[in-house]
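Notes for the structure review
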Amino acid sequence: MSIIITKSEFEIIKKHAADTFPYEACGGLLGRIEGDSRIVVKAYPAENRYGKITWDSFEIEPNDILNMDKLCVKENLDILGFYHTHPNHPAIPSNFDINASWPFYSYVIISLKGNSPDNVIDIRSYLMADRISEPVEEKVIIK
Ligand SMILES: [Zn+2]
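Scope of this entry: the structure provided in the associated data block. (Residues numbered from 1 in each chain as written. Predicted model: local features only at pLDDT ≥ 70, side-chain atom pairs only at ≥ 80, totals over all residues. Heavy atoms only, no water.)

Under the criterion given, the structure shown has 5 aromatic pairs. Centre to centre, the rings of Phe82 and Trp102 are 6.2 Å apart; their planes meet at 75°, and the pair counts as edge-to-face. Placement of the pair is Phe82 in strand β4 (residues 78-87) and Trp102 in the loop between α3 (95-99) and β5 (106-112), with a sequence separation of 20 residues. Phe82 gets classed as buried once you look at its relative accessible area, which sits at 4%. Taken together, a centroid distance of 6.1 Å and an interplanar angle of 40° make the contact between Phe82 and Tyr107 tilted. (Phe/Tyr/Trp six-rings, centres within 6.5 Å; stacked < 30°, edge-to-face > 60°. Helix = DSSP H or I, 4+ residues; strand = E, 2+ residues; numbered from the N terminus. Buried < 20%, exposed > 50% of the residue type's maximum accessible area, 1.4 Å probe, protein only.)

We now examine the sheet that holds strand β3 (residues 37-46). Within the closed barrel, the 7 strands sit side by side as β1-β3-β2-β4-β5-β6-β7. Their pairing is mixed. For this sheet, the mean inter-axis angle between neighbouring strands, taken without regard to orientation, is 35°. Where β4 lies against β5, 7 bridges are found, and the strand directions are parallel. What sits directly across from Pro87, in β5, is Leu112. (Pairing = 2+ DSSP bridges. Axes fitted to C-alpha atoms, helices over the stretch in contact; angles between N-to-C directions.)

The next subject is the coordination of the zinc ion. Those protein atoms acting as donors to the zinc ion are His84 (NE2), His86 (NE2), Asp97 (OD) and Asp97 (OD), and they sit at 2.0 to 2.6 Å. Sequence spacing of the donor residues for the zinc ion, all on one chain, is H-x1-H-x10-D. Residue His86 is found in strand β4, and its partner Asp97 is found in helix α3; the two are separated by 11 residues along the sequence. Under the relative-accessibility criterion, His86 is labelled buried at 1%. (Donors = N, O, S within 2.8 Å, 3.2 Å for Na, K, Ca; no water.)

Once that is clear, we can look at the pairing of β4. Among the 10 residues in β4, 9 count as buried, and that is most of the element. Taken together, the 6 bridges between strand β2 (residues 26-34) and β4 define a ladder with antiparallel strand orientation. Residue pairing across strands places Gly27 opposite Tyr83, the latter belonging to β4.

Structure, rendered in C-alpha coordinates:
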(Lines give C-alpha, C1' and ligand atoms only; values in the text may rest on other atoms or scores of the structure.)
Protein backbone atom coordinates (compact mmCIF):
# COMPACT_ATOMS: atom_id res chain seq x y z
CA MET A 1 0.00 0.00 0.00
CA SER A 2 1.13 3.51 -0.71
CA ILE A 3 -0.48 6.91 -0.48
CA ILE A 4 0.15 9.39 -3.24
CA ILE A 5 -0.33 13.08 -2.48
CA THR A 6 -0.24 15.57 -5.31
CA LYS A 7 2.32 18.38 -4.96
CA SER A 8 -0.39 21.06 -4.92
CA GLU A 9 -2.26 19.37 -2.06
CA PHE A 10 0.98 18.80 -0.16
CA GLU A 11 1.63 22.55 -0.39
CA ILE A 12 -1.79 23.16 1.20
CA ILE A 13 -0.97 20.72 4.02
CA LYS A 14 2.48 22.27 4.60
CA LYS A 15 1.01 25.78 4.74
CA HIS A 16 -1.70 24.65 7.19
CA ALA A 17 0.97 22.93 9.31
CA ALA A 18 3.13 26.07 9.34
CA ASP A 19 0.25 28.48 10.01
CA THR A 20 -0.90 26.39 13.00
CA PHE A 21 2.60 25.86 14.48
CA PRO A 22 3.39 25.35 17.36
CA TYR A 23 -0.06 23.75 17.71
CA GLU A 24 -1.38 20.69 15.92
CA ALA A 25 -3.10 21.09 12.58
CA CYS A 26 -5.40 18.41 11.21
CA GLY A 27 -7.48 17.73 8.15
CA GLY A 28 -8.95 15.24 5.75
CA LEU A 29 -7.46 13.49 2.74
CA LEU A 30 -9.95 12.97 -0.07
CA GLY A 31 -9.36 10.93 -3.16
CA ARG A 32 -9.63 7.58 -4.86
CA ILE A 33 -8.23 4.09 -4.44
CA GLU A 34 -6.56 2.67 -7.54
CA GLY A 35 -5.14 -0.82 -7.13
CA ASP A 36 -2.67 -0.74 -4.26
CA SER A 37 -2.51 3.05 -4.15
CA ARG A 38 -4.51 5.69 -2.40
CA ILE A 39 -4.45 8.85 -4.46
CA VAL A 40 -5.17 12.05 -2.56
CA VAL A 41 -6.58 14.71 -4.85
CA LYS A 42 -7.91 17.05 -2.19
CA ALA A 43 -6.54 18.03 1.20
CA TYR A 44 -9.18 19.49 3.48
CA PRO A 45 -7.74 21.64 6.29
CA ALA A 46 -10.01 21.29 9.33
CA GLU A 47 -10.43 22.71 12.79
CA ASN A 48 -8.72 20.85 15.64
CA ARG A 49 -11.18 20.58 18.54
CA TYR A 50 -8.24 20.37 20.90
CA GLY A 51 -6.98 23.65 19.47
CA LYS A 52 -4.19 25.04 21.55
CA ILE A 53 -4.27 22.57 24.41
CA THR A 54 -1.83 19.81 23.49
CA TRP A 55 0.77 18.78 20.97
CA ASP A 56 -0.22 15.11 20.77
CA SER A 57 -3.99 15.13 20.35
CA PHE A 58 -6.32 16.10 17.60
CA GLU A 59 -9.96 15.66 16.82
CA ILE A 60 -11.57 16.99 13.69
CA GLU A 61 -14.68 19.13 14.15
CA PRO A 62 -17.83 17.13 13.26
CA ASN A 63 -18.92 19.94 10.91
CA ASP A 64 -15.72 19.51 8.95
CA ILE A 65 -16.37 15.77 8.60
CA LEU A 66 -19.87 16.57 7.35
CA ASN A 67 -18.50 19.04 4.79
CA MET A 68 -15.88 16.52 3.65
CA ASP A 69 -18.67 13.98 3.12
CA LYS A 70 -20.67 16.45 1.05
CA LEU A 71 -17.62 17.27 -1.05
CA CYS A 72 -16.96 13.56 -1.59
CA VAL A 73 -20.51 12.97 -2.83
CA LYS A 74 -20.30 16.00 -5.13
CA GLU A 75 -16.91 15.15 -6.60
CA ASN A 76 -17.14 11.35 -6.44
CA LEU A 77 -14.31 10.98 -3.92
CA ASP A 78 -13.81 9.05 -0.71
CA ILE A 79 -12.33 10.10 2.60
CA LEU A 80 -9.08 8.11 2.46
CA GLY A 81 -7.67 9.31 5.72
CA PHE A 82 -6.62 12.21 7.85
CA TYR A 83 -3.49 14.24 8.32
CA HIS A 84 -2.22 15.93 11.42
CA THR A 85 0.99 17.55 12.53
CA HIS A 86 3.50 16.83 15.27
CA PRO A 87 5.12 20.20 15.98
CA ASN A 88 8.65 19.64 17.29
CA HIS A 89 8.02 15.90 17.56
CA PRO A 90 8.77 12.98 15.23
CA ALA A 91 6.16 11.69 12.76
CA ILE A 92 5.34 8.66 14.89
CA PRO A 93 1.82 7.94 16.19
CA SER A 94 1.29 8.85 19.84
CA ASN A 95 -0.69 6.56 22.14
CA PHE A 96 -3.56 9.01 21.75
CA ASP A 97 -3.35 8.65 17.96
CA ILE A 98 -3.46 4.85 18.17
CA ASN A 99 -6.36 4.82 20.60
CA ALA A 100 -8.37 7.36 18.60
CA SER A 101 -7.79 5.70 15.21
CA TRP A 102 -10.36 3.98 13.05
CA PRO A 103 -9.75 1.04 10.72
CA PHE A 104 -9.31 1.61 6.96
CA TYR A 105 -8.11 5.21 7.11
CA SER A 106 -4.59 6.41 6.37
CA TYR A 107 -3.17 8.55 9.16
CA VAL A 108 -0.61 10.91 7.70
CA ILE A 109 1.65 12.60 10.26
CA ILE A 110 3.73 15.65 9.43
CA SER A 111 6.65 16.59 11.63
CA LEU A 112 7.81 20.20 11.54
CA LYS A 113 10.14 22.41 13.49
CA GLY A 114 8.97 25.94 12.77
CA ASN A 115 6.27 28.19 11.33
CA SER A 116 7.31 28.08 7.68
CA PRO A 117 6.28 25.42 5.13
CA ASP A 118 10.03 24.84 4.65
CA ASN A 119 10.21 23.63 8.27
CA VAL A 120 8.39 20.38 7.43
CA ILE A 121 11.02 17.73 8.06
CA ASP A 122 9.16 14.44 7.76
CA ILE A 123 5.92 12.96 6.50
CA ARG A 124 4.77 9.42 7.24
CA SER A 125 1.55 7.51 6.94
CA TYR A 126 0.17 4.72 9.09
CA LEU A 127 -2.71 2.30 9.06
CA MET A 128 -3.97 1.51 12.54
CA ALA A 129 -6.41 -1.29 11.91
CA ASP A 130 -6.78 -2.27 15.53
CA ARG A 131 -5.58 -0.89 18.80
CA ILE A 132 -3.61 -3.97 19.77
CA SER A 133 -1.17 -4.34 16.88
CA GLU A 134 1.61 -1.92 16.05
CA PRO A 135 0.65 0.72 13.45
CA VAL A 136 1.60 -0.35 9.93
CA GLU A 137 3.52 2.25 7.99
CA GLU A 138 2.62 2.85 4.36
CA LYS A 139 4.77 4.59 1.79
CA VAL A 140 4.10 8.28 1.10
CA ILE A 141 4.73 9.52 -2.41
CA ILE A 142 4.53 13.22 -3.26
CA LYS A 143 4.13 13.85 -6.98
ZN1 LIG B 1 -0.41 12.59 16.59
